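Below are the chains, spelled out letter by letter.
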Amino acid sequence: MRPNDPALYEQLAAEWWDEDGVFKMLHWLAAARARLIPPAERPGAVLVDLGCGGGLLAPHVAGKGYHHVGADIVHGSLGIAAKYGVTGVRADVSALPLASGCADVVSAGEILEHVYDLPSTVAEACRVLRPGGLVVLDTLSDTALCRFVAITLAERLGLAPRGVHDPALLVSPSRLKALFAAHGVRLRVRGLRPSLLDLLARRRAVRMVPSLSTAILYQGRGVKAW
């Protein structure tokens, strides 16, 4: 199987909610991403979750007042996400079948390092976001250190499935900020890492905490100006 093959997610669909399985770090990241999302400001607010997978974000935003719409190309993942209250849309995130300005929040968690057309994906995220709407994201940085730690080492330690990432698709913060800026979103980024205390204590739910470096993993948050 080639790196970054979507078929891998079909094979691993039963693993989505195993907090000790190959997707366990995605659980940690979903909790951290949800902390960037405020309660909905209006009735009927919509959260569009790009690359929603099995719906790991859902429990963390369930009480915030959003209609949670998840877009993913993997049929099995959408079926699982639906069990957690996510309205699934089977789609490539670079060509969303959603109306312009329909979203109050767009979440792009651990998806941007998997897409082959990053400019179109960013453009679509911004298109479906209403003016004043919020985008939140996390992704892997385009550095040699990231390729070693987040791909080579993480796969050997079971923190990520083998072959899930293609190193050629990693995303630098500077490039991502420029792409979002072209669509009226000033993206602020900060480094992110697992809590060393939680890792040493072997806690199941490991907190993701800010890091001074964006060389491996980073979060982004921005508001659409127009």
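Preceding this paragraph is the structure being described.
The structure presented is a predicted model; accordingly, all values stated were derived computationally and were not measured.

Peer 1: Residue-level account of the sheet that holds strand E6 (residues 188–194), with values.
Peer 2: Spatially, the 8 strands line up as an open sheet ordered E3-E2-E1-E4-E5-E8-E6-E7, and their pairing is mixed. Lying at the two open borders of the sheet, with one neighbouring strand each, are strand E3 (87–90) and strand E7 (208–211). With direction set aside, neighbouring strand axes in the sheet form an average angle of 25°. The pairing of strand E1 (residues 46–50) with strand E4 (residues 103–109) spans 4 bridges and is classified as parallel. Counted as the bridge partner of Leu-50 is Ala-108 from E4. The strands that helix H4 (residues 75–82) touches are strand E2 (67–72) and E3; relative to E3, the one it contacts most, it runs at about 170°.

Peer 1: Which residues make up the packing of aromatic side chains, and what values go with them?
Peer 2: Per the counting criterion, the structure on display carries 4 aromatic pairs. Aromatic side chains Tyr-9 and Trp-16 sit 6.1 Å apart centroid to centroid with 15° between the ring planes, which places their arrangement in the stacked category. Overall, Tyr-9 belongs to the buried group, its relative accessible area being 16%. Taking relative accessible area as the criterion, Trp-16 reaches 5% and is therefore assigned buried. Note on Trp-16 and Phe-23: the rings are 4.2 Å apart at their centroids and 15° apart in plane angle, and the pair reads as stacked.

Peer 1: Account for the pairing of E4, with residues named and values stated.
Peer 2: Where burial is concerned, most of E4 is hidden: 7 out of the 7 residues are buried. Direction of pairing for E4 relative to strand E5 (residues 129–140): parallel, over a ladder of 6 bridges. Across the sheet, residue Ala-103 finds its bridge partner in E5, namely Leu-129. Crossover handedness for the path E4 to helix H5 (residues 118–128) to E5: right-handed.

Peer 1: I'd like to hear about unusual backbone geometry, residue by residue, with values.
Peer 2: If you check the backbone angles, Asn-4 has positive phi at about 65° while not being a glycine. Checked against the element boundaries, Asn-4 lands in the segment before helix H1 (7–11). Non-glycine residue Glu-110 carries a positive phi angle of around 50°. You can see Glu-110 is positioned in the loop between E4 and H5. Residue Glu-110 is classed as buried on the basis of its relative accessible area, which comes to 13%.

So, how was this worked out
Residues numbered from 1 in each chain as written. Predicted model: local features only at pLDDT ≥ 70, side-chain atom pairs only at ≥ 80, totals over all residues. Heavy atoms only, no water. Pairing = 2+ DSSP bridges. Helix = DSSP H or I, 4+ residues; strand = E, 2+ residues; numbered from the N terminus. Axes fitted to C-alpha atoms, helices over the stretch in contact; angles between N-to-C directions. Contact = heavy atoms within 4.5 Å. Phe/Tyr/Trp six-rings, centres within 6.5 Å; stacked < 30°, edge-to-face > 60°. Buried < 20%, exposed > 50% of the residue type's maximum accessible area, 1.4 Å probe, protein only. Right-handed = clockwise from strand over helix to strand, strands pointing away.

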